[in-house]
Amino acid sequence: MTLPVSRLARLALGAALVTSLIACASADAGPFRDRDGLTQGEVSSGATLRSYEMYRPDGLKGPSPLVIMLHGGGGNGKNGVKMTGFNALAVTHGFTVVYPDGSGRGRFLTWNAGHCCQYAMEEGIDDIGFLSDLIDVLVVRGIADPDRVYVTGMSNGAMMSHRAGRELSGKIAAIAPVVGAVFGDEKPAALPVPALIITGAKDENVPAAGGNGTFKRRITKPPNDMPYAPAGAAFDYWMASNGCPGETRPKTVTDVYTLRRGAGCKSPVQWYEIIHGAHAWPGGSKGSRRGDAPVEDFDASQVIWDFFESQSRSITGRGQPSR
């Protein structure tokens, strides 16, 4: 005897079928994307799973240039999306952007840039190992062109960009630190690395004159264990590391920025000091509600991509991937 199926049961069966079809369609469509078009990923690095967000434009096939954007201290990968606008540039110019997450307790994430910042520095987190592993995974998956991997970052992420350029010079085609710093005790990179540096003349968090700076967050001590070197020290470091015997004269001075460039370098070095720039991504959005307002007359992301686009490890003939 067959029992009649109640209306409730029929509705339940129909809902189950719809759910099944949606699941199949999602599987065919590939990884889940959030409203920003980002896919989430994880990389096993050392004994830890590290996370990242990736934006890869629709229709992009095969290995592409890869821009790694490192958030500032206290932020996370998605902060980099909002601040920089790199996703729109990726669509226009055909590259992939990855926004890795630093480490920390809760949502306050930092990078171990050597002398900064907080949790990552204090715990000795191997962020160089993480970035190296991340690059390897994306190359093996056919996402990243190994000759065109670029690293940029904001604040603590900029400091990490400097460190990545030094310690992963065999894997990185160029770096572009924004409102970050060096500390003055860095060893030269093993290989020359093209470097574009952007700082703010009115930055008080990572001050142009050097020192510990001031902070809007309620913290009991500076996030760095050594004072920041003056902004010009980063330019001097990459000039020396890239074998620049001098700089182009005269320097470029506008109402918006001062630009200094190395001359006769093994790899190019450029330094933009934004005259009215504070601790923010020029031409982008505020990283937080209390953050400094970015200037609107300098598009850091476009300037950075124009620089990156002209750099490749295959052109410079630099060394094989290391670490």
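Refer to the structure above for everything that follows.
Residues numbered from 1 in each chain as written. Predicted model: local features only at pLDDT ≥ 70, side-chain atom pairs only at ≥ 80, totals over all residues. Heavy atoms only, no water.

1. Observations concerning empty space enclosed by the protein
For the structure on display, the rule yields two cavities of 30 Å³ or more. Here the largest cavity is characterised by a volume of approximately 50 Å³. Grouping the amino acids of the lining of the largest cavity by side-chain chemistry returns eight nonpolar, three polar and one charged. Considered as a void within the structure, the second largest cavity measures approximately 40 Å³ in volume. Along its surface, the second largest cavity is lined by Val179, Gly200, Ile274, Gly277, Ala278, Ala280, Pro282, Pro294 and Val295. (1 Å grid on protein atoms, 1.4 Å probe; cavity = no way out; pocket = protein on both sides within 12 Å on 5 of 7 lines; lining within 4 Å. Points joined across faces, edges and corners; volume = space filled by probe spheres on them. Nonpolar A, V, L, I, M, F, W, Y, C, P; charged D, E, K, R; others polar.)

2. Quick look at the pattern of salt bridges
Counted by the stated rule, this structure contains six salt bridges. A salt bridge links Asp147 to Arg313; its shortest N-O distance comes to 3.2 Å. Here Asp147, found in strand E7 (residues 144-154), pairs with Arg313, found in helix H9 (residues 313-316); they are 166 residues apart in sequence, far enough to count as distant. Using a relative accessible area of 25% as the deciding quantity, one classes Asp147 as partly exposed. Its relative accessible area of 4% is what places Arg313 among the buried residues. The residue Arg163 makes a salt bridge to Glu167 at a minimum N-O spacing of 2.7 Å. Of this pair, Arg163 and Glu167 both sit in helix H6 (residues 156-167), four residues apart, which is roughly one turn of that helix. With relative accessibility at 16%, the residue Arg163 sits in the buried group. Look at Glu167 and you get partly exposed, because its relative accessible area is 35%. (Salt bridge = Lys/Arg side-chain N within 4 Å of Asp/Glu carboxyl O. Helix = DSSP H or I, 4+ residues; strand = E, 2+ residues; numbered from the N terminus. Buried < 20%, exposed > 50% of the residue type's maximum accessible area, 1.4 Å probe, protein only.)

3. Regarding the state of the cysteines
Scanning all chains against the criterion turns up two disulfides. Across the disulfide from Cys116 sits Cys117; the S-S distance is 1.5 Å. Disulfide Cys116-Cys117: torsion about the S-S bond near 70°, hence right-handed. Residue class for Cys116 comes out buried when judged on its relative accessible area of 0%. For Cys117, a relative accessible area of 5% translates into the label buried. Paired by a disulfide, Cys244 and Cys265 hold their sulfur atoms 2.0 Å apart. Across the disulfide from Cys244 to Cys265, rotation about the S-S bond amounts to roughly 120°, and the bridge is consequently right-handed. A residue pair is termed long-range when its members are at least 10 positions apart, and Cys244 in the loop between helix H7 (232-241) and strand E10 (246-247) and Cys265 in the loop between strand E12 (257-263) and strand E13 (269-274) qualify at 21 residues. Classification of Cys265 as partly exposed rests on a relative accessible area of 22%. Once the disulfide-bonded cysteines of the protein chain are ranked by sequence position, their pairing pattern turns out to be 1-2, 3-4. (Disulfide = S-S within 2.5 Å.)

4. Looking at the nonpolar core
If you look at the biggest cluster of nonpolar residues, it comprises 38 residues, and the most contacted ones within it are Ile68, Leu131, Leu138 and Trp238. Broken down by secondary-structure element, the contributors of at least two residues to this core are strand E2 (48-55), strand E3 (64-70), helix H5 (127-140), E7, H6, strand E9 (195-200), H7 and E13. With six residues, the single largest contributor to this core is H5. Among all residues touching Leu138, those that are not within four sequence positions of it are Tyr52, Met54, Leu66, Val98, Ile143 and Ala144. (Core = buried A, V, L, I, M, F, W, Y, C linked by side-chain atoms within 4.5 Å. Contact = heavy atoms within 4.5 Å.)

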